Amino acid sequence: MAEKGGNCERLRASGIWKSYRTEGEEIQVLRGLDLEVRAGEIVAVVGVSRVGKSTLLHVLGALDRLDRGEVRVAGQPLHGLSADALAAVRNRQIGFVFQFHYLLPEFSALENVMMPLLIRRTDPKEASERSRLLLGELGLGDRLGHVPSRLSGGEQQRVAIARALVSSPSLLLADEPTGNLDPHTGTGVFELLRTLSKSRGMACVVATHNEGLAAGCDRIISICDGRLRDVSSGSPRSAGREGPTPPPGA
């Protein structure tokens, strides 16, 4: 497994194909995609609605199984793992932030952030201390006991970020993380994500419609017709650091 720290690879996706079948028709969403993201790098994925940005994040995050290809997170190949093993990888190596915070409404901010640690049976005292420190780092030290309904939209999203980071993941996947926020609050949340990805050595992939947010990332990748193009460098077809993967049978 890849080491933490340095300029090492956190995410590698090679030859990713993904399709869905609806009303008897197969819809090919992803077509042989390659993507590599290194420690501390934040990459924006842009494109029109329903082009496959969320599908890409779901495949990278082991929320959905791919048809062909390989995804490695921190050097760990995801292909062939059991459902339980995939759940363990998601819990320990991958953090998720969505457009909606998905906080548990009956639990406090502190309890929500503790949840991933408790699921993996971390000692409750340790889970509480780690969560307190992280919420304090995110400026929420005086909101620990507040349930989500007593928090502002920006505070709710910061709690969701803390929950995603409390396990010290190698990879952070963010799907329209500022989409429900006003521009000022959204900018603050994005800057927080950017700062944390750099300081913690995480790879971060952000799907967004926000051009300003994308411009603040290290690379911008466009998805169109199931393929990726690195807009930052203008390299065709592939957003990996090597040549593109040909379609099966080519």
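(A) How the structure looks around the confidence of the model for the chain. Residues at a pLDDT of 70 or more form 90% of the chain, whose mean pLDDT is 86. Averaged over each element, pLDDT in the chain is lowest for helix α6 (residues 183-200) (86) and highest for helix α3 (residues 109-119) (96). Here residues 1-6 is a poorly scored stretch, pLDDT under 50, and it has 14 contacts once near neighbours within four places are set aside; other chains count. Low pLDDT, under 50, characterises residues 234-238; the predicted model gives this stretch 15 contacts beyond four residues in sequence or across chains.

(B) Looking closely at the nonpolar core. Core analysis: the biggest nonpolar cluster contains 38 residues, and Leu135, Leu138, Val159, Ile161, Leu165 and Leu172 have the highest contact counts within it. For this core, the elements supplying multiple residues, two or more each, are β3 (42-46), α3, α4 (124-137), α5 (153-165), β7 (171-175), α6, β8 (203-207) and α7 (211-215). Per-element tally for this core: the top contributor is α5, with 6 residues. Excluding anything up to four places from it in sequence, leucine 138 contacts Arg158, Ile161, Ala162, Leu192 and Leu196. Ranked by size, the runner-up nonpolar core spans 33 residues in total, among them Leu86, Ala203, Val205 and Ile223.

(C) Focus on the packing of α3 against α4. At a closest axis distance of 9 Å, the pairing of α3 and α4 adopts a crossing angle of 125°. Comparing the axis directions of α3 and α4 gives the class oblique. With respect to the hand of their crossing, α3 and α4 are arranged in right-handed fashion. Every residue of α4 that contacts α3 at Ala109, Leu110, Val113, Met114, Leu117 and Leu118 is listed here: Pro124, Ala127, Ser128, Arg130, Ser131, Arg132 and Leu135. Considering only residue class, the contact of α3 with α4 consists of 9 nonpolar, 2 polar and 2 charged.

(D) How the structure looks around the sheet that holds strand β1 (residues 9-22). What the 4 strands build is an open sheet, ordered β2-β1-β4-β5; its pairing is antiparallel. Edge positions in the sheet fall to β2 (25-38) and β5 (76-77), since each of these pairs with one other strand and no more. Looking at chain direction, β1 and strand β4 (residues 68-73) are connected through 5 bridges and run antiparallel. Its bridge partner being in β4, arginine 12 is matched across the sheet by arginine 72.

(E) Spatial organisation of the pairing of strand β6 (residues 94-97). The alternating pattern of β6 places Ile94 and Phe96 and Gly95 and Val97 on opposite faces, both of which are buried. Judged from the 4 bridges that link them, β6 and β7 form a sheet pairing that is parallel. By the bridge assignment, isoleucine 94 is partnered in β7 with leucine 171.

(F) Inspection of the sheet that holds strand β10 (residues 227-230) at higher detail. What the 6 strands build is an open sheet, ordered β6-β7-β8-β3-β9-β10; its pairing is mixed. Looking at which strands have only one partner, the edges of the open sheet turn out to be β6 and β10. Across the sheet, the mean angle separating the axes of adjacent strands is 20° when strand polarity is ignored. Here 4 bridges tie β3 to strand β9 (residues 219-224), and the two strands are oriented parallel to one another.

Thresholds applied
Residues numbered from 1 in each chain as written. Predicted model: local features only at pLDDT ≥ 70, side-chain atom pairs only at ≥ 80, totals over all residues. Heavy atoms only, no water. pLDDT = per-residue confidence, 0-100. Helix = DSSP H or I, 4+ residues; strand = E, 2+ residues; numbered from the N terminus. Contact = heavy atoms within 4.5 Å. Core = buried A, V, L, I, M, F, W, Y, C linked by side-chain atoms within 4.5 Å. Buried < 20%, exposed > 50% of the residue type's maximum accessible area, 1.4 Å probe, protein only. Axes fitted to C-alpha atoms, helices over the stretch in contact; angles between N-to-C directions. Parallel < 35°, antiparallel > 145°, perpendicular 65-115°, else oblique. Left-handed = near helix turned anticlockwise from the far one by under 90°. Nonpolar A, V, L, I, M, F, W, Y, C, P; charged D, E, K, R; others polar. Pairing = 2+ DSSP bridges.

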